Amino acid sequence: MRLYLSSFKIGNKPQELVKLTGSNKNVAIIINARDHKKEQRGYFLPEETKILNDLGFNTEELDLRNYFGKEKELEKFLRKKDLVWIEGGNTFLLRRAMKQSGFDNIIKKLLSEDSIVYGGFSAAVVVLQKSLHGLDIVDNPNNISDGYDSEIIWDGLGILDYNVSVHYKSDHPESALVNKEVQYNKDNNIPYKTLRDGEVLIINGDKMEIIK
């Protein structure tokens, strides 16, 4: 399993992402965590596309809304990709998109096969936890957009066995609320790690490290 988990955007060590993916360069970019804010979607997609293209990747947007109820088609698409890069935004909206498209089932399968790299920042990181309880301190769980189910999904993907608090002690609008999120983890005896903006948590097989 290979994961490149950044607190904000690409992080301080983008070459580590290149190293993790090797010579395989086909990337699917997912922006669905921002579907409730179209203006942000229009900003982040071209920006992240340029960053990844400059690193030598071949990028293509993957809008999970196009695969709602079409899990087999989505798996066929993702098996042609070497990296999936997921933007930050609203964690609960991203989780809905993952469930309604079947991405949650597919990515766990592909990661277990080590046939794809999972990368991204902010919401893309915390959605991997076992539970999304506590994240409502920072994100509004009721934010939805057209085509989304209104039911809140509190189960994370369960790929990580600890929580990750992103934007920790950083120059970010959410950093003050993140302190409350960290306290929630402490109060409930939940194992957790923190990431400051710029830092990246990398998992490559049995090896895990946080790079500053």
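The structure this text deals with has already been given above.
Since the structure is predicted, the reported quantities are computational estimates derived from the model, not experimental observations. (Residues numbered from 1 in each chain as written. Predicted model: local features only at pLDDT ≥ 70, side-chain atom pairs only at ≥ 80, totals over all residues. Heavy atoms only, no water.)

## Here we look at the overall build of the chain
Across its full length, the chain holds 7 helices and 9 strands. Relative to the 2.2 N^0.38 estimate, which gives 17 Å for 212 residues, the radius of gyration of the chain is 16 Å and therefore close to what a compact globule would have. In terms of overall dimensions, the chain has C-alpha extents of about 45 × 40 × 35 Å along its principal axes. Counting over 212 residues, the chain shows a buried share of 54%. Long-range contacts, defined here as pairs at least 24 residues apart, represent 77% of the contacts in the chain between residues at least 6 apart. Total accessible area on the chain stands at roughly 9,600 Å², and carbon and sulfur atoms take up 44% of it. Mean positive and mean negative side-chain charge positions of the chain (30 and 32 charges, respectively) differ by 2 Å. (Helix = DSSP H or I, 4+ residues; strand = E, 2+ residues; numbered from the N terminus. Rg over C-alpha atoms; globule rule 2.2 N^0.38 Å. Buried < 20%, exposed > 50% of the residue type's maximum accessible area, 1.4 Å probe, protein only. Contact = heavy atoms within 4.5 Å. Areas by Shrake-Rupley, 256 points an atom, 1.4 Å probe, with all protein chains shown as cover. Lys, Arg positive; Asp, Glu negative; His and termini not counted. Charge placed at Lys NZ, Arg CZ, Asp CG, Glu CD.)

## Concerning the packing of helix H3 (residues 71-78) against helix H5 (residues 103-113)
H5 packs onto H3 with a crossing angle of 35° between their chain directions and a minimal axis gap of 10 Å. Between H3 and H5 lies a crossing whose hand is right-handed. Here Glu71, Leu74, Glu75 and Leu78 of H3 lie close against H5, whose contacting residues are Phe103, Asn105, Ile106, Lys109 and Leu110. Considered class by class, the residues forming the contact of H3 with H5 number 5 nonpolar, 1 polar and 3 charged. (Axes fitted to C-alpha atoms, helices over the stretch in contact; angles between N-to-C directions. Left-handed = near helix turned anticlockwise from the far one by under 90°. Nonpolar A, V, L, I, M, F, W, Y, C, P; charged D, E, K, R; others polar.)

## Comments concerning the environment of Leu195
Looking at the secondary structure, you find Leu195 in the loop between strand S7 (192-194) and strand S8 (200-204). With relative accessibility at 0%, the residue Leu195 sits in the buried group. Excluding anything up to four places from it in sequence, Leu195 contacts Leu5, Ser6, Ser7, Val164, Ser165, Val166, His167, Tyr168, Val200, Leu201 and Ile210.

## A few points about the pairing of strand S9 (residues 207-211)
Pairing analysis gives 5 bridges linking S8 to S9, with the strands arranged antiparallel. Note on S9: the bridge partner recorded for Leu201 is Ile210. In sequence, S8 turns back onto S9 through a hairpin of 2 residues, with Gly205 there showing a positive phi of about 70°. (Pairing = 2+ DSSP bridges.)

## Quick look at the sheet that holds S9
Read across the sheet, 7 strands follow the order S3-S2-S4-S5-S1-S8-S9 without closing on themselves; strand pairing throughout is mixed. The sheet is open, and its two borders are formed by strand S3 (58-61) and S9, each paired with just one other strand. When the angles between neighbouring strand axes are averaged without regard to direction, this sheet yields 15°. As paired elements, strand S1 (residues 2-6) and S8 share 5 bridges and run antiparallel to each other. Its bridge partner being in S8, Ser6 is matched across the sheet by Val200.

## Observations regarding the packing of aromatic side chains
By the definition in use, this model includes 6 aromatic pairs. Ring centres of Phe8 and Phe121 lie 5.8 Å apart, and the angle between their planes is 80°; on these two criteria the pair is classed as edge-to-face. Note that Phe8 is positioned in the loop between S1 and helix H1 (14-21) and Phe121 in strand S5 (residues 117-121), a separation of 113 residues in sequence. With relative accessibility at 27%, the residue Phe8 sits in the partly exposed group. On the numbers, 6.1 Å between centres and 40° between planes, the contact of Tyr67 with Phe77 is tilted. Taken as a pair, Tyr67 in the loop between S3 and H3 and Phe77 in helix H3 lie far apart in primary sequence, 10 residues in all. According to the relative accessible area criterion, Tyr67 is buried, its value standing at 16%. For Phe77, a relative accessible area of 13% puts it in the buried group. Aromatic rings pair up to connect Phe8, Phe44 and Phe121 into one cluster. For Lys25, the ring lying beneath its charged end belongs to Phe57, and the centroid distance is 5.0 Å. Geometry around Phe44 places Arg34 over its ring, the cationic atom sitting 3.6 Å from the centre. (Phe/Tyr/Trp six-rings, centres within 6.5 Å; stacked < 30°, edge-to-face > 60°. Lys NZ or Arg CZ within 6 Å of the ring centre and 35° of its normal.)

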